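Each chain is listed here by its residues.
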Number of protein chains: 4
Amino acid sequence: MSNKLTHEEQEALVISEDPEHPANLISELCREFYKLGWVTGTGGGISIRQGEHVYLAPSGVQKERIKPEHIFVLPFAQSSVPRPGSKRDFLRIPSKKGLTESQCTPLFWNAFTMREAGACIHTHSQHAVMLTLLHPRDAQSFKISHQEMIKGVRIGGVGKTLSFFNTLEIPIIDNTAVEEDLTESMAAAMEKYPDAPAILVRRHGVYVWGNTWEQAKTQSECLDYLFEIAVKMLLAKLPLVGDN
Amino acid sequence: MSNKLTHEEQEALVISEDPEHPANLISELCREFYKLGWVTGTGGGISIRQGEHVYLAPSGVQKERIKPEHIFVLPFAQSSVPRPGSKRDFLRIPSKKGLTESQCTPLFWNAFTMREAGACIHTHSQHAVMLTLLHPRDAQSFKISHQEMIKGVRIGGVGKTLSFFNTLEIPIIDNTAVEEDLTESMAAAMEKYPDAPAILVRRHGVYVWGNTWEQAKTQSECLDYLFEIAVKMLLAKLPLVGDN
Amino acid sequence: MSNKLTHEEQEALVISEDPEHPANLISELCREFYKLGWVTGTGGGISIRQGEHVYLAPSGVQKERIKPEHIFVLPFAQSSVPRPGSKRDFLRIPSKKGLTESQCTPLFWNAFTMREAGACIHTHSQHAVMLTLLHPRDAQSFKISHQEMIKGVRIGGVGKTLSFFNTLEIPIIDNTAVEEDLTESMAAAMEKYPDAPAILVRRHGVYVWGNTWEQAKTQSECLDYLFEIAVKMLLAKLPLVGDN
Amino acid sequence: MSNKLTHEEQEALVISEDPEHPANLISELCREFYKLGWVTGTGGGISIRQGEHVYLAPSGVQKERIKPEHIFVLPFAQSSVPRPGSKRDFLRIPSKKGLTESQCTPLFWNAFTMREAGACIHTHSQHAVMLTLLHPRDAQSFKISHQEMIKGVRIGGVGKTLSFFNTLEIPIIDNTAVEEDLTESMAAAMEKYPDAPAILVRRHGVYVWGNTWEQAKTQSECLDYLFEIAVKMLLAKLPLVGDN
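Quick caveat, the model's predicted, so the values are computed rather than measured. (Residues numbered from 1 in each chain as written. Chains lettered and ligands numbered in written order. Predicted model: local features only at pLDDT ≥ 70, side-chain atom pairs only at ≥ 80, totals over all residues. Heavy atoms only, no water.)

Tallying secondary structure elements over chain A gives six helices and eight strands in all. The C-alpha atoms of chain A give a radius of gyration of 18 Å, which matches the 18 Å a tight globule of 244 residues would have. Taken along its principal axes, the extent of the C-alpha atoms in chain A is 65 × 35 × 35 Å. Put simply, 66% of the contacts in chain A that link residues at least 6 apart link residues at least 24 apart. (Helix = DSSP H or I, 4+ residues; strand = E, 2+ residues; numbered from the N terminus. Rg over C-alpha atoms; globule rule 2.2 N^0.38 Å. Contact = heavy atoms within 4.5 Å.)

Given below as structure tokens:
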């Protein structure tokens with residue numbers, strides 16, 4: 001760990017009266033996501049990148065009870081890009097015993113480096129998981145069109161918003177035993193589907209990113225809405241693409 | 001913009017300690033609507049007309065985080081009735097950078113001018129959208145009868161309340177790529193169905209109005225209840241009209 | 001109106017710092033019931049009888065926004081038992097313009113007089129309504145057995161609690177155009193089914209009562225749970241009675 | 001009752017400004033569980049064991065309205081292990097009239113003695129009950145695999161966390177007329193299935209435990225998520241085990 005900040009400097013990175021400070025936002029948004037059923041049982045979370053700082057929640061804790069002092073801060077410019085099992089540089093590690101940084105760290109970094117995202121959200125939403133379960137085992141992606149909520153989603157998650165008549169396509173990748181091991185297949189899917197605003201993970205959940213935390217959050221809401229209505233449509237045997 | 005008010009006069013239009021001031025109400029109601037799943041991902045909203053003033057939320061923002069200072073105020077008497085792409089007169093434009101008035105503006109005006117409504121609510125409720133999806137592609141309207149909740153709905157949205165034995169009918173119009181472009185088809189449907197208290201938009205949501213914000217809200221709740229139970233009834237193959 | 005109390009005496013009937021005062025409880029419980037989807041769109045409510053006083057919410061208002069000063073107080077001993085259209089004696093009528101007492105008044109009185117109940121709750125819960133819709137048109141009652149939640153329900157709503165092996169039976173009566181007109185058929189069903197803890201109203205909702213507001217509320221929760229799971233069981237073609 | 005503490009010493013057992021004091025936690029968590037639909041109508045609850053003290057909620061009360069002063073405190077070392085109808089030793093009995101300790105007491109003790117658990121949660125979640133109803137009458141257990149949320153569950157509830165590729169198995173026992181009478185069959189199931197992190201009770205609910213209240217709660221959330229998605233999968237005719 002290359003941390004050379006004093007204790008006071010480290011605390012100043014996460015303690016702020018500004019409700020829009022990333023450490024406050026992560027705590028507040030995780031409480032909201034819990035109410036939506038996105039982060040129950042310690043799963044899921046959000047990372048925010050602000051300039052050269054990346055803010056991360058701890059791994060394996062109750063997400064709705066996170067406090068700003070539990071937040072990790074990392075320099076965006078790492079000695080080496082986070083990979084499964086790699087060593088990471090930190091600016092701040094919470095003093096509370098036993099906390100480790102989110103296991104999603106290298107997956108969040110995929111969004112930061114490949115899409116220049118400012119925030120990345122990971123949920124275990126049942127709508128996302130049921131959607132992957134209702135797709136054939138060998139389906140490579142989920143597609144939907146002719147839904148107003150598609151208009152809230154940006155091309156590649158960070159470009160122009162989609163039109164009502166566009167078909168939204170989101171790749172589905174297989175789950176792995178260890179969360180970090182999704183890093184490469186997520187990156188490969190992001191390369192193969194440059195317009196996709198998210199990655200679905202079969203039997204697991206979804207990763208969504210955006211230019212800012214606001215865009216990452218509103219896109220997560222639009223996509224979760226689309227996953228939910230797509231599940232209902234599939235169960236009612238309605239086609240997801242086209243305007244029949 | 002024909003705005004001739006001073007900055008202080010403009011602020012006085014939206015800053016009030018009265019919780020029933022339209023700028024406070026819009027902020028509070030949008031938070032409530034978010035919890036109901038009506039305005040996730042920046043979609044949906046509410047406009048209130050009070051005498052000669054119309055209060056509008058901004059376009060494309062998180063509706064549950066709107067503050068009174070984000071509210072637009074327009075004179076109800078416009079140089080020309082708002083149409084898609086038309087220029088609008090404002091009494092107050094929020095100073096926060098990048099805010100534009102709701103894209104639903106000309107649709108809200110339909111309710112204000114054609115029904116003399118005091119408020120109009122737009123939701124992306126999944127119950128409304130699923131209901132349109134479960135109707136045949138060429139269905140012109142949704143009909144339901146023999147439900148207690150019908151009694152909470154007014155004829156044309158602003159007249160006498162319906163009876164338990166009345167059949168409620170709500171037209172369904174097609175969605176368009178740009179929200180404002182719904183203006184004409186919504187107006188045409190309101191003319192063709194003068195008793196309808198709302199307009200359903202296929203694959204999009206619903207517009208509901210009332211004499212006051214209270215009536216617009218309670219009617220939105222009654223209608224959303226009816227949309228939800230109608231979806232359940234259709235999936236269970238129960239007829240929507242009649243008392244079998 | 002036989003009211004002979006001074007204005008101060010009338011206000012003292014509903015203004016209290018005790019959170020368990022009926023006027024405070026009705027306001028608080030209606031907010032809770034709103035969150036449960038029981039009283040959306042002005043429907044439903046609760047009446048509490050405390051000794052010789054009956055506390056009632058107004059008719060046709062947003063139930064989640066009721067304040068103690070909106071509450072009606074009636075003497076339990078009325079000149080004549082409330083019937084549809086009958087004149088009622090009041091101890092307090094709210095000063096806010098346009099408020100009238102709940103249209104459920106004579107139905108609540110059924111519970112107070114026929115079961116000596118201390119509180120009666122009316123909901124428009126969709127679980128109750130869907131349950132009546134999934135029953136044959138000529139079904140006289142709903143029956144369920146072998147559910148733990150049956151144990152939270154009392155015989156006749158006010159007697160001993162049911163056992164896991166008892167069959168719970170709740171009569172279903174037809175809806176009427178005017179809520180008050182349910183008075184006689186509800187009373188007839190209560191006579192025919194003396195052990196029933198509630199009355200289901202087809203395409204409308206349910207009336208539940210108890211010795212106290214706590215018992216009326218917990219029994220409403222147990223019954224709503226049973227209505228919900230019964231709907232799921234019927235849709236999954238599982239029998240409601242027996243332990244197969 | 002072997003209680004030899006003074007009134008002040010008894011009160012000191014439950015009155016604390018520390019939000020993580022068991023008496024405060026039980027009150028707060030029951031409010032949260034109510035929102036999740038786990039403890040409606042007085043059903044369900046949580047017991048926390050901290051060192052030599054066991055904290056219990058009262059029986060048959062509204063769980064979302066419990067206050068710290070309603071909490072029972074028992075010595076973990078009892079004269080005799082709690083059995084149905086057995087006499088229990090108390091350190092503190094709430095002074096509020098009519099309160100008796102939770103009927104789940106001997107069931108909680110199963111978790112404390114057989115698994116050395118630090119907390120045990122009982123819910124009436126409809127997902128748990130529907131899951132038992134969708135299993136054949138003679139099914140001995142519920143099994144599921146290939147779900148990310150399995151990774152939040154520990155072997156036997158208190159050991160190492162399960163892997164994505166492990167099959168989670170939870171025994172299903174029959175319900176009894178009196179809650180305490182589940183004690184023996186629950187213990188027998190815990191012996192037969194030493195790796196099971198919970199016990200499902202047919203037509204009733206579930207018991208979940210963990211080393212700490214945090215683990216009991218997050219495991220309850222993971223399991224409830226799995227029960228819910230398993231119900232959806234069974235209704236959609238998807239296999240629960242395997243990765244098809």
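Turning our attention to the arrangement of the chains. Chain A shows no contact with chain C. Their nearest C-alpha atoms sit 13 Å apart. Between chain B and chain D there is no contact; the minimum C-alpha to C-alpha separation amounts to 13 Å.

So, on to the interface of chain B and chain A. Accessible area lost upon the coming together of the parts is a frequently used measure of interface size. Contacts between the two partners involve 24 residues from chain B, matched on the other side by 27 residues from chain A. Across the interface of chain B and chain A, roughly 2,300 Å² is buried in total on both sides, 51% from carbon and sulfur atoms. In terms of surface lost to chain A, no three residues of chain B exceed R65, Q126 and R203 of chain B, which account for 31% of the buried area on that side. Counting across the chain B and chain A interface gives four salt bridges. For the interface between chain B and chain A, the tally reads 17 residue pairs in polar contact (both at pLDDT 80 or more). No other element matches helix α4 (residues 126–134) of chain B, which puts five residues into the side of chain B that touches chain A. Class assignment for the residues of the side of chain B that touches chain A results in eight nonpolar, ten polar and six charged. (Buried area = accessible area lost by both parts, 1.4 Å probe. Salt bridge = Lys/Arg side-chain N within 4 Å of Asp/Glu carboxyl O. Polar contact = N/O pair within 3.5 Å; in protein donor to acceptor, adjacent residues only side chain to side chain. Nonpolar A, V, L, I, M, F, W, Y, C, P; charged D, E, K, R; others polar.)

Moving on to the interface of chain C and chain D. Opposite the 27 residues of chain C that make contact, chain D presents 24 residues. Both faces combined, the contact of chain C with chain D buries some 2,300 Å², and carbon together with sulfur accounts for 50% of it. Where chain C meets chain D, there are four salt bridges. Taking the shortest distance from any N to any O, the salt bridge between R137 of chain D and D243 of chain C comes out at 3.0 Å. At the boundary of chain C with chain D, the tally comes to 17 residue pairs in polar contact (both at pLDDT 80 or more). Those elements giving two or more residues to the side of chain C that touches chain D turn out to be α2 (22–35) and α6 (213–235) of chain C.

Residue and element names in this part refer to chain D. Strand order in the open sheet formed by eight strands is β3-β2-β1-β4-β8-β7-β6-β5, and the pairing between neighbours is mixed. Looking at strand neighbours, the two that pair on one side only are β3 (72–75) and β5 (141–145), the edges of this open sheet. Looking at each pair of strands side by side, their axes are set apart by 20° on average, direction ignored. As judged from the two bridges shared by strand β6 (residues 167–173) and strand β7 (residues 198–201), these two strands associate in the parallel manner. (Pairing = 2+ DSSP bridges. Axes fitted to C-alpha atoms, helices over the stretch in contact; angles between N-to-C directions.)

Another point: the side chain of S141 of chain B. Residue and element names in this part refer to chain B. Relative to the assigned elements, S141 resides in strand β5 (residues 141–145). The buried category is assigned to S141, whose relative accessible area is 14%. At a separation of 2.7 Å, a polar atom in the side chain of S141 contacts the side chain of E169. The contacts of S141, once residues within four sequence positions are left out, are H135, E169, I170, P171, I172 and Y193. (Buried < 20%, exposed > 50% of the residue type's maximum accessible area, 1.4 Å probe, protein only.)

With that settled, consider empty space enclosed by the protein. Residues and elements named next belong to chain A. Under the defined criterion, the tally for this structure stands at five cavities of 30 Å³ or more. One number sums up the size of the largest cavity: a volume of about 40 Å³. In this structure, the largest cavity is lined by W38, T123, S125, V206, V208, S220, L223, D224 and F227. Elements with a minimum of two residues in the lining of the largest cavity: β8 (205–210) and α6 (213–235). Counting residues per element, the lining of the largest cavity draws most heavily on α6, at four residues. For the lining of the largest cavity, the residue count by class is five nonpolar, three polar and one charged. (1 Å grid on protein atoms, 1.4 Å probe; cavity = no way out; pocket = protein on both sides within 12 Å on 5 of 7 lines; lining within 4 Å. Points joined across faces, edges and corners; volume = space filled by probe spheres on them.)

When chain B is fitted onto chain A, the two copies agree to an RMSD of 0.0 Å after a turn of 90° and an axial shift of 0.0 Å. The relationship between the two copies is best expressed as a four-fold rotation axis. (Least-squares fit on C-alpha atoms with pLDDT ≥ 70 in both.)

The next point concerns unusual backbone geometry. Residue and element names in this part refer to chain B. One non-glycine residue with positive phi stands out, namely K237, at about 60°. Mapped onto the secondary structure, K237 falls in the segment after α6 (213–235). Overall, K237 belongs to the exposed group, its relative accessible area being 74%.

Taken as a whole, this structure holds 32 aromatic pairs over all chains when the rule is applied. Here the aromatic rings of W109 of chain A and F112 of chain A are separated by 5.8 Å at their centres, their planes lie at 75°, and the arrangement is edge-to-face. One end of the pair is W109 of chain A and the other is F112 of chain A, both in helix α3 (residues 105–114) and three residues apart, which spans about a single turn. Residue classification places W109 of chain A among the buried residues on the basis of a relative accessible area of 2%. Centre to centre, the rings of F76 of chain C and F112 of chain C are 6.5 Å apart; their planes meet at 80°, and the pair counts as edge-to-face. Within this pair, whereas F76 of chain C is found in the loop between β3 (72–75) and α3 (105–114), its partner F112 of chain C is found in helix α3, the two being separated by 36 residues in sequence. For the pair F76 of chain C and F112 of chain C, one class covers both residues: buried. (Phe/Tyr/Trp six-rings, centres within 6.5 Å; stacked < 30°, edge-to-face > 60°.)

Residue and element names in this part refer to chain D. Here strand β1 (residues 45–50) pairs with strand β4 (residues 119–123) via four bridges, running antiparallel. Counterpart to I46 in the pairing with β4 is I121. One ladder, built from three bridges, connects β1 with strand β2 (residues 53–56); its direction is antiparallel. Bridge assignment links R49 to a residue of β2, and that residue is V54. Where β1 hands over to β2, the hairpin turn is made up of two residues, of which G51 adopts a positive phi near 60°.

With that settled, the discussion passes to the nonpolar core. Core analysis: the biggest nonpolar cluster contains 116 residues, and F142 of chain A, F142 of chain B, F142 of chain C together with F142 of chain D have the highest contact counts within it. Among residues more than four places away in sequence, those in contact with F142 of chain A are L131, H135, L168, E169, I170, I172, L200, L226, F227, A230 and L240 of chain A. Of all hydrophobic cores here, the second largest spans 48 residues; its members include L13, A23, L29 and W213 of chain D. (Core = buried A, V, L, I, M, F, W, Y, C linked by side-chain atoms within 4.5 Å.)

Residues and elements named next belong to chain A. Among the secondary structure elements, V61 is positioned in the loop between β2 (53–56) and β3 (72–75). Spatially, the C-alpha atom of V61 lies 21 Å from that of L182, the residues being 121 residues apart in sequence. Residue contacts for V61: discarding those within four places in its chain leaves T42, I66 and L99.

Quick look at the environment of K4 of chain D now. Within the fold, K4 of chain D resides in the segment before α1 (7–12). A C-alpha to C-alpha distance of 25 Å links K4 of chain D and C104 of chain D, two positions 100 residues apart in sequence.

Now for α6 of chain B. All names here are of chain B. With 23 residues, α6 ought to run about 33 Å at 1.5 Å a step, and its terminal C-alpha atoms sit 33 Å apart, in line with that. For α6, a buried count of 18 out of 23 residues is recorded, marking the element as mostly surrounded by other parts of the structure. K237 sits one or two positions beyond α6 and adopts a positive phi of about 60°. (Expected span 1.5 Å × (residues − 1).)

Summed over the entire model, instances satisfying the criterion amount to 52 salt bridges over all chains. For D243 of chain A, the salt bridge goes to R203 of chain B, with nearest N and O atoms at 2.9 Å. Of this pair, D243 of chain A sits in the segment after α6 while R203 of chain B sits in the loop between β7 (198–201) and β8 (205–210), each in a different chain. Given a relative accessible area of 28%, D243 of chain A falls into the partly exposed group.

What follows covers the packing of α6 of chain A against α4 of chain B. The description of two packed helices rests on the angle between their axes and on the distance between the axes. Where α6 of chain A meets α4 of chain B, the closest approach of the two axes is 11 Å, and the angle between their N-to-C directions is 35°. Note that α6 of chain A runs across α4 of chain B; the crossing there is right-handed. Residues Y225, E228, I229, K232 and M233 of chain A of α6 of chain A lie in contact with α4 of chain B, whose contacting residues are Q126, V129, M130 and L133 of chain B. Classifying every residue of the contact of α6 of chain A with α4 of chain B gives six nonpolar, one polar and two charged. (Left-handed = near helix turned anticlockwise from the far one by under 90°.)

With that out of the way, let us pick up the environment of V129 of chain A. Here V129 of chain A lies in helix α4 (residues 126–134). For the pair V129 of chain A and V206 of chain A, spaced 77 residues apart in the sequence, the C-alpha separation amounts to 8.2 Å. Not counting residues up to four positions away in its chain, the partners in contact with V129 of chain A are H124, R203, H204 and G205 of chain A together with Q147, Y225 and I229 of chain D.

Here we take up the sheet that holds strand β4 (residues 119–123) of chain A. Residue and element names in this part refer to chain A. Pairing within the open sheet is mixed, and its eight strands lie in the order β3-β2-β1-β4-β8-β7-β6-β5. Two strands lie at the open edges of the sheet, namely β3 and β5 (141–145), each paired on one side alone. The average undirected angle you get between the axes of adjacent strands in this sheet is 20°. Here helix α2 (residues 22–35) sits on the sheet in contact with β1 (45–50), β2 and β4, set at roughly 155° to β1. Sheet strands touched by α3: β1, β2, β3, β4 and β8. Its angle to β1, the strand with the most contacts, is close to 45°.

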